Amino acid sequence: MNIVLLGLPGAGKGTQAKKMSQEYNLPHIATGDIFRQAIREETPLGKEAKKYLDSGELVPDEITIGIVRERIQKDDCDNGFILDGFPRTLNQARALTGMLEDMGRKIDVALYIKVKEEELIKRLSGRRVCQECGAAYHVVYNPPKEEGICDLCKGKLIQRSDDKEETVKNRIRINKEKMEDLIEYYRNQGNLKTVESTGGIDEVFNKIQEIIGAGV
Ligand code: AP5
Ligand code: ZN
């Protein structure tokens, strides 16, 4: 099953994608994670992407589309994938449809995780991520067992550089209008599903499982 997760910054795409990836045994492909890893490793891609991530701007489509095209052709995507943070523009959505068509495939579900803007800001400002494995926590909603330490790998928890208040507002603004276009695009394709992200992480995951059901 080929799934895309849509949602504004902080909606919980990464959190839910990790749970879905385990439950359905599908690879979790997050363009944001790919860029952050490249930045950590100081690769040419990382050097190019850094300026965009730091300010919350979008990395140019031609770079992002190329990365996804290459990634979804890998063997581990044969049974499907969960795309998190891509597509983010209509251009990316059309390119994704085209590359899947070339492979004789299509998107089965575009799952929009809907959250109010005030809540997004609360979620992002309280988010802490593991420096080692990238796991996300929240100081109030999903605290680690030991303050500042990752439950999974004991790595140190830090605040993402783009989770500063000013950058958060910029990211939401930049993505908002584009999100409307994407919702419309997938609604027209007939595969849009919406999940209201009220309630905690597990409650949202239960709602997602009801939507995806046994369709995997
Ligand atoms: P990316 O990493 O994709 O960031 P984003 O879209 O801004 O999304 P986030 O990772 O911030 O949020 P999320 O929805 O995954 O929320 P999370 O699960 O962590 O992209 C970063 C940058 O990379 C972009 O700004 C851009 O520069 C570039 N980029 C990436 N993709 C691109 C593309 N396609 N094109 C161009 N540029 C691209 O949850 C947030 C917090 O809330 C956590 O603390 C979590 O614990 C908590 N939480 C989650 N769910 C709940 C819940 N139900 N209740 C309470 N708390 C919750
Ligand atoms: Zn960790």
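Owing to the predicted nature of the structure, the values given are computational and were not obtained by experimental measurement.

Asks: How should I be thinking about the UniProt feature "domain: Guanylate kinase-like" (unreviewed entry) in the protein in this particular structure?
Replies: Per the UniProt record, the feature "domain: Guanylate kinase-like" (unreviewed entry) sits at residues 1-213. The straight-line gap between the two end C-alpha atoms of residues 1-213 is 12 Å; of that span, 49% is helix and 15% is strand.

Asks: Can you help me understand the coordination of the zinc ion (ligand 2) in this one?
Replies: Ideal values differ by geometry: the angle at a metal is 109.5 degrees with four tetrahedral donors, but 90 or 180 degrees with six octahedral donors. Protein coordination at the zinc ion (ligand 2): the donors are Cys130 (SG), Cys133 (SG), Cys150 (SG) and Cys153 (SG), at 2.3 to 2.4 Å from the metal. Bound by four donor atoms, the zinc ion (ligand 2) shows angles of 94 to 117° at the metal and therefore tetrahedral coordination geometry. When the donors of the zinc ion (ligand 2) are listed by position in the chain, the intervening gaps give C-x2-C-x16-C-x2-C. Taken together, the residues span a long stretch of sequence, with cysteine 133 in the loop between β5 (127-130) and β6 (136-138) and cysteine 150 in the loop between β6 and β7 (157-158) at a distance of 17 residues. Residue classification places cysteine 133 among the partly exposed positions, given a relative accessible area of 39%. Look at cysteine 150 and you get buried, because its relative accessible area is 1%.

Asks: How should I be thinking about the environment of valine 168 in this particular structure?
Replies: Here valine 168 lies in helix α7 (residues 165-189). Non-local contacts of valine 168, meaning those with residues more than four positions away in its chain, are made with Ile121, Leu124, Asp162 and Asp163.

Asks: Sorry if this is basic, but what is going on with the packing of helix α5 (residues 90-102) against α7 here?
Replies: Between two packed helices, both the angle of their axes relative to each other and the distance between the axes serve to describe the pair. One can describe the packing of α5 onto α7 by two numbers: an axis separation of 9 Å at closest approach and a directional angle of 30°. With respect to α7, the element α5 is oriented roughly parallel. When you trace α5 past α7, the crossing you get is right-handed. Contacts from Leu90, Ala93, Arg94, Leu96 and Thr97 in α5 reach Asp181, Leu182, Tyr185, Tyr186 and Gln189 in α7. Tallied by class, the residues present in the contact of α5 with α7 amount to six nonpolar, two polar and two charged.

Quick notes on the rules
- Residues numbered from 1 in each chain as written.
- Chains lettered and ligands numbered in written order.
- Predicted model: local features only at pLDDT ≥ 70, side-chain atom pairs only at ≥ 80, totals over all residues.
- Heavy atoms only, no water.
- UniProt positions renumbered as here; feature names shortened; annotations may be inferred.
- Helix = DSSP H or I, 4+ residues; strand = E, 2+ residues; numbered from the N terminus.
- Donors = N, O, S within 2.8 Å, 3.2 Å for Na, K, Ca; no water.
- Tetrahedral: all angles 85-135°; square planar, octahedral: opposite > 155°, others 65-115°.
- Buried < 20%, exposed > 50% of the residue type's maximum accessible area, 1.4 Å probe, protein only.
- Contact = heavy atoms within 4.5 Å.
- Axes fitted to C-alpha atoms, helices over the stretch in contact; angles between N-to-C directions.
- Parallel < 35°, antiparallel > 145°, perpendicular 65-115°, else oblique.
- Left-handed = near helix turned anticlockwise from the far one by under 90°.
- Nonpolar A, V, L, I, M, F, W, Y, C, P; charged D, E, K, R; others polar.

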